[in-house]
Amino acid sequence: MLFRTWEAGADAADVAFVDGHLLVSRHALVKRILADPALFRPDNALDAVSPMPVAALRILAGHGFRLPPTLANNHGASHPAIRAAVASALHPARVAALQPWLTTVVAGRVAGLRSALASGSTVDVYADLAADLPLLVLSRLVDLPPLGADVVKEFTRAALALFWAPVSGERQLELAETVGRFHDALRTFAASGPGLVASLRAAGHPTEVVIGALFFLLVAGQETTSQFLTLLMHRIAVTSGLAAAIAAGEVKVDDVVEEGLRLDTPIVTWRRVTAHDTVVADVPVPAGTSVVLWLARAGRDPDVFGAPTDFVPGQPASRRHLSFGAGAHRCVGAQLSRLEASAVVSGTAPLLAEAEVVRAPWCPDNLSFRIPDTFLLRAAS
Ligand code: HEM
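Quick look at the structure, then. (Residues numbered from 1 in each chain as written. Predicted model: local features only at pLDDT ≥ 70, side-chain atom pairs only at ≥ 80, totals over all residues. Heavy atoms only, no water.)

### Focus on the site of the ligand
Phase 1: Around the ligand there are 32 residues in total, and His79, Arg83, Arg272, His329 and Cys331 lie nearest to it.
Phase 2: At 3.2 Å from an oxygen atom of the ligand is found a main-chain nitrogen or oxygen belonging to Leu71.
Phase 3: His329 has a polar side-chain atom sitting 2.7 Å from an oxygen atom of the ligand.
Phase 4: Comparing atom positions with the cavity grids shows the ligand to sit within the largest cavity.
Phase 5: Put simply, the parts of the chain that give the shell around the ligand at least two residues each are helix H3 (79-89), helix H11 (207-238), strand E5 (270-274) and helix H15 (334-353).
Phase 6: In terms of residue count, the dominant contributor to the shell around the ligand is H11 (6 residues).
Phase 7: By residue class, the composition of the shell around the ligand is 19 nonpolar, 10 polar and 3 charged. (Near = heavy atom within 4 Å. Polar contact = N/O pair within 3.5 Å; in protein donor to acceptor, adjacent residues only side chain to side chain. 1 Å grid on protein atoms, 1.4 Å probe; cavity = no way out; pocket = protein on both sides within 12 Å on 5 of 7 lines; lining within 4 Å. Sits in = over half its atoms within 2 Å of the grid points. Helix = DSSP H or I, 4+ residues; strand = E, 2+ residues; numbered from the N terminus. Nonpolar A, V, L, I, M, F, W, Y, C, P; charged D, E, K, R; others polar.)

Shown next as structure tokens:
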């Protein structure tokens, strides 16, 4: 259940121990915990949920792999400066300036998909639209290592499996090799590359920290958004009349994006670890407990949302979801992912209105991420 929380039914306890993790599902509790990083530390954000066998750790060590505290996993004094450097690269004005270019890119891709549909083909809107788009966008804002999108995607998906999935020991060895090799490539760039990595170096951060920040940014900054775009397009495709209403301007695109973030967040849970013994909703919780914050469930809390499980763009409180976290570690890329989602919703609504689903996105078991494999459409009959 912990690895498919996006499918879980309605009967979740507010707080419960599940497989050794404290699972917290109510909006108010999740928010309170996110806002208290001194007691509920972010240190375990990138810890492997399936303990790694010694052989996998050796593979990683052989590549010099380390993930020191940088961004999401950093409660230390270096966090504000590293976060500020990333936030500066993703400054709202820089993000907003991408809109005309992004609209054109999406329109070009949608035109290709529409002609394929018109000729009777089945199209994969994950592979042909959403998979590499966020990486393309990120590369306009942040200098990245010169690696193909296929290489980056292979690595990020391996990292999401290695650290967050219930994988076998044998598979962990393969994943560790993929992640380790990528880490080598990041090392070269982190030591001499321009832009964000240069500013982190100039501020005196050790190379391992620069690599770690880049590593996290490449996972957080593109994989999550390509997942979200795919899940959101699916939601629009299967919600009766929604695509046509968006295309006709009867529903606000930003409202659709926000309900999508609430109901179809790609990051279903996020972790914290207790700094000392405490009590959460009357449940005693020892120091060192892994606390799994069920962000997706908090987005369906009936105390906050009038229609908690229905997709109702513009419903009151729609924006109060916790899909970007909260507090000192709140997502730095929120505006960017909203911009990308708006461009994709506007650009694809006419296409989605004329298509039918051949195969819905399927996601493998994972503690935190929904990782859609494909999303197939054909022209509606
Ligand atoms: C729909 C897409 C996205 C979702 C749902 C999402 C969600 C999250 C969540 C839940 C966190 C942890 C927040 C916390 O601990 O309170 C986070 C952190 C972060 N995200 Fe995102 N994110 C998305 C896209 C992005 C993008 C596009 C970027 C950058 C280009 C990005 C960069 C970051 C960074 C740097 C952090 C760490 C912030 C810190 O610890 O100070 N994210 N995100």
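### Details of the environment of Gly314
Phase 1: You can see Gly314 is positioned in the loop between helix H14 (295-298) and H15.
Phase 2: What makes Gly314 partly exposed here is its relative accessible area of 44%.
Phase 3: When the C-alpha positions of Gly314 and Asp255 are compared, they lie 5.0 Å apart, and in sequence the two are 59 residues distant.
Phase 4: For Gly314, the residues in contact, after removing those within four places along its chain, are Asp255 and Glu259. (Buried < 20%, exposed > 50% of the residue type's maximum accessible area, 1.4 Å probe, protein only. Contact = heavy atoms within 4.5 Å.)

### Describing the packing of helix H13 (residues 253-263) against H15
Phase 1: Remark: H13 packs on H15, axes separated minimally by 9 Å, with the N-to-C direction vectors making an angle of 115 degrees. Relative to H15, the crossing made by H13 is right-handed. In contact with Val253, Asp254, Val256, Val257, Glu258 and Leu261 of H13, H15 contributes Arg338, Ala341, Ser342, Val345 and Ser346.
Phase 2: Residues that form the contact of H13 with H15 fall into these classes: 6 nonpolar, 2 polar and 3 charged. (Axes fitted to C-alpha atoms, helices over the stretch in contact; angles between N-to-C directions. Left-handed = near helix turned anticlockwise from the far one by under 90°.)

### Description of the sheet that holds strand E2 (residues 21-24)
Phase 1: Spatial strand order, E1-E2-E8-E5-E3: 5 strands in an open sheet with mixed pairing. Two strands close off the open sheet at either side, each with one partner strand: strand E1 (15-18) and strand E3 (40-41).
Phase 2: Here E5 runs beside strand E8 (residues 290-293); their pairing, made up of 4 bridges, is antiparallel. Residue pairing for E8: Arg271 is matched across the bridge by Val292.
Phase 3: Sheet contacts for helix H1 (residues 27-34): E1, E2, E3, E5 and E8; angle to E8, the most-contacted strand, approximately 125 degrees. (Pairing = 2+ DSSP bridges.)

### Topic: the coordination of the iron atom of the ligand
Phase 1: From the protein, the iron atom of the ligand takes a single donor atom, Cys331 (SG), 2.3 Å away.
Phase 2: As for its position among the elements, Cys331 is in the loop between H14 and H15. (Donors = N, O, S within 2.8 Å, 3.2 Å for Na, K, Ca; no water.)

### Here we look at the layout of surface pockets
Phase 1: Considering only enclosed or pocket space, the largest pocket measures out at about 370 Å³ in volume.
Phase 2: Lining of the largest pocket is provided by 23 residues; of these, Gly9, Ala10, Arg297, Arg300 and Thr309 occupy positions nearest its centre.
Phase 3: If you list the elements that add at least two residues to the lining of the largest pocket, you get H13 and H14.
Phase 4: Its residues assigned to classes, the lining of the largest pocket comprises 10 nonpolar, 5 polar and 8 charged. (Points joined across faces, edges and corners; volume = space filled by probe spheres on them.)

### Comments concerning the sheet that holds strand E10 (residues 376-379)
Phase 1: Taken in spatial order, the 3 strands line up as E4-E10-E9 in an open sheet, and their pairing is antiparallel. Two strands close off the open sheet at either side, each with one partner strand: strand E4 (123-124) and strand E9 (355-359).
Phase 2: The sheet contact formed by E4 and E10 spans 2 bridges and is antiparallel. Each bridged residue has a counterpart across the sheet, and for Asp124 the counterpart in E10 is Leu376.

### Considerations on unusual backbone geometry
Phase 1: Positive phi, normally seen in glycine, also occurs at Asp19, with a value near 50 degrees.
Phase 2: Topologically, Asp19 is positioned in the loop between E1 and E2.
Phase 3: Even without being a glycine, Ala317 presents a positive backbone phi close to 75 degrees.

### Overview of the pairing of E8
Phase 1: Taking every second residue as pointing to the same face, both faces of E8 are buried, with Ser290 and Val292 on one and Val291 and Leu293 on the other.
Phase 2: Looking at chain direction, E2 and E8 are connected through 3 bridges and run parallel. Across the sheet, Leu23 pairs through a bridge with Val292, a residue of E8.

### Section: the packing of helix H8 (residues 149-164) against helix H9 (residues 169-192)
Phase 1: Between H8 and H9, the shortest axis-to-axis distance is 9 Å and the interhelical angle comes to 135 degrees. Here H9 runs oblique to H8, going by the angle between their axes. Crossing hand, H8 versus H9: left-handed. Within the contact between the two elements, H8 uses Val151, Val152, Glu154, Phe155, Ala158, Ala159, Ala161 and Leu162 and H9 uses Gln172, Leu175, Ala176, Thr178, Val179 and Phe182.
Phase 2: Classifying every residue of the contact of H8 with H9 by side-chain character gives 11 nonpolar, 2 polar and 1 charged. (Parallel < 35°, antiparallel > 145°, perpendicular 65-115°, else oblique.)

Everything listed here is a matter of coordinates, which is why it stays silent on function.
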